[in-house]
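Architecture at a glance
These are the residues of each chain, in order.
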Amino acid sequence: MMNKLTALLLLLVAPLGADALEVFACEPEWGSLVKELAGDNVNLTVATTAFQDPHRLQARPSLIAATRRADLLICTGADLEIGWLPLLLRRAGNPDIQPGRPGHFMAADYVRKLEIPVLVDRSQGDIHPQGNPHIHLNPNNISRIAIKLAERLGVLDPANESDYMDRLQEFQYRWKSAIVGWEQRGELLSGLRLASHHRGFSYLADWLDLNIVATLERKPGIPPSAAHLASLLETLSPNPPAAVVRTPYANEKPSLWLTERLDVRALRLPYTVNVVDGPVDLFALFDMTLAALEEVHNERL
Ligand SMILES: [Zn+2]
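All of the points below concern the structure found in this document.

About the cut-offs
- Residues numbered from 1 in each chain as written.
- Predicted model: local features only at pLDDT ≥ 70, side-chain atom pairs only at ≥ 80, totals over all residues.
- Heavy atoms only, no water.
- Donors = N, O, S within 2.8 Å, 3.2 Å for Na, K, Ca; no water.
- Tetrahedral: all angles 85-135°; square planar, octahedral: opposite > 155°, others 65-115°.
- Helix = DSSP H or I, 4+ residues; strand = E, 2+ residues; numbered from the N terminus.
- Buried < 20%, exposed > 50% of the residue type's maximum accessible area, 1.4 Å probe, protein only.
- Polar contact = N/O pair within 3.5 Å; in protein donor to acceptor, adjacent residues only side chain to side chain.
- Contact = heavy atoms within 4.5 Å.
- Phe/Tyr/Trp six-rings, centres within 6.5 Å; stacked < 30°, edge-to-face > 60°.
- Salt bridge = Lys/Arg side-chain N within 4 Å of Asp/Glu carboxyl O.
- Arc of directions from axis to C-beta.
- Pairing = 2+ DSSP bridges.
- Axes fitted to C-alpha atoms, helices over the stretch in contact; angles between N-to-C directions.

1. Observations regarding the coordination of the zinc ion
Around the zinc ion, the protein supplies His-55 (NE2), His-128 (NE2), His-134 (NE2) and His-198 (NE2) as donor atoms, at distances of 2.0 Å. Geometry at the zinc ion is tetrahedral, judged from the four donor atoms that bind it and their angles of 104 to 115° at the metal. Counting gaps between the donor residues of the zinc ion yields the pattern H-x72-H-x5-H-x63-H.

2. Remarks on the side chain of Thr-272
Checked against the element boundaries, Thr-272 lands in the loop between β8 (265–268) and α10 (282–299). What makes Thr-272 buried here is its relative accessible area of 1%. At 2.6 Å, the side chain of Thr-272 forms a polar contact with the side chain of Glu-29. Contacts of Thr-272, omitting those with residues within four sequence positions, involve Pro-28, Glu-29, Ala-50, His-136, Pro-279 and Leu-285.

3. Brief notes about the packing of aromatic side chains
Overall, the coordinates contain ten aromatic pairs when judged by the stated rule. Residues Trp-207 and Phe-286 carry aromatic rings whose centres are separated by 5.8 Å and whose planes lie at 90° to one another, so their mutual orientation is edge-to-face. Highlighted residues: Trp-207 in helix α7 (residues 202–208) and Phe-286 in helix α10, separated in sequence by 79 residues. We note that Trp-207, like Phe-286, is buried. Aromatic pair Tyr-249 and Tyr-271: ring centres 5.7 Å apart, planes at 80°, arrangement edge-to-face. You can see Tyr-249 sitting in the loop between β7 (243–246) and α9 (253–262) and its partner Tyr-271 sitting in the loop between β8 and α10, a full 22 residues away along the chain. The exposure class of Tyr-271 is buried, given its relative accessible area of 3%. Put simply, the rings of Phe-171, Trp-175, Trp-182, Trp-207, Phe-283 and Phe-286 pair up and form one aromatic cluster.

4. Remarks on the pattern of salt bridges
Tallied over the entire structure, the rule returns 13 salt bridges. The partner of Arg-56 in a salt bridge is Asp-53, and the shortest N-O contact between them spans 3.5 Å. Given the relative accessible area of 48%, Arg-56 is considered partly exposed. Where Arg-185 meets Asp-287, a salt bridge forms, and the shortest distance between an N and an O atom there is 3.6 Å. Taken as a pair, Arg-185 in helix α6 (residues 161–186) and Asp-287 in helix α10 lie far apart in primary sequence, 102 residues in all.

5. Remarks on helix α4 (residues 85–92)
Residues Leu-85, Leu-88, Leu-89 and Ala-92 constitute the buried set of α4. Along the long axis of α4, the arc covered by the buried residues comes to 100°, so they all point the same way. Buried positions along α4 lie against β1 (21–25), α3 (61–68), β3 (72–75) and β4 (104–106). Backbone geometry just downstream of α4 places Gly-93 in the positive-phi region, at approximately 55°.

6. With respect to the sheet that holds strand β2 (residues 42–46)
Reading across from one edge, β2-β1-β3-β4 is the order of the four strands in this open sheet, with parallel pairing throughout. The open sheet has two edge strands with one neighbour each: β2 and β4. Averaged over all adjacent pairs, the angle separating strand axes in this sheet is 20°, with direction ignored. Bridging between β1 and β2 involves five bridges; their strand directions are parallel. Across the sheet, the residue bridging to Val-23 is Leu-44, located in β2.

Right, dumping it as structure tokens:
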């Protein structure tokens, strides 16, 4: 009787989840990593889906509300969200997640960036001024970021610190054995020639030694012009790539125009976690990406 009463009182004073850390993830890949490392210890909001360009987003009221209550903000950084995150942070007015605070976590701070420009010329619309920000498609980057993220969760939520460390260890064990399997499959794909709509797959290519021979955007963020596509058709025709790859959020028309004329595959890769019609978690993201590339590779045998 006493126990029941105590339990009831506890429920009244501490509703379930009231103490849970509020986490705001800018992109689905980080939302997924948070789920791996934090499970039910956190309440998670993910700002974008696989169908939204993470470079461009409206700071809509629901996102402002979510950043206002967040204890931790996890985004890619490296200017990927420069078009919307600063505005969102200003509107949220939440001191805990501003730059420099423990609640502000930028994944790109912990990995080596590719394609760092020698000279930044924003007047030409380059949206990768700090190097390529699409860092998550090398699983070794995910592994490095997981360590830093678990530490940060422990700092913000010391009561559950040992739980975050246990989950990190368990994740790293599964993740590293998955990487071994992916790299074995990847050996067959080494040197596979691809064209890409946007420079969204540079880290995947770097990891698997894929050869991205052309980009449909003349500069990151500049929509492919008819003239540029025509010149790509001319240069690629003698030795076409195996496929033209794009993200789920990219406009498919330039890829289709070029692939029809080159008679090669237009391939929508998963790019990120996508619970609608794609990979449900980070493991499935790499499994599905490799499967798609293997299919292209095998078609050409
Ligand atoms: Zn980009």
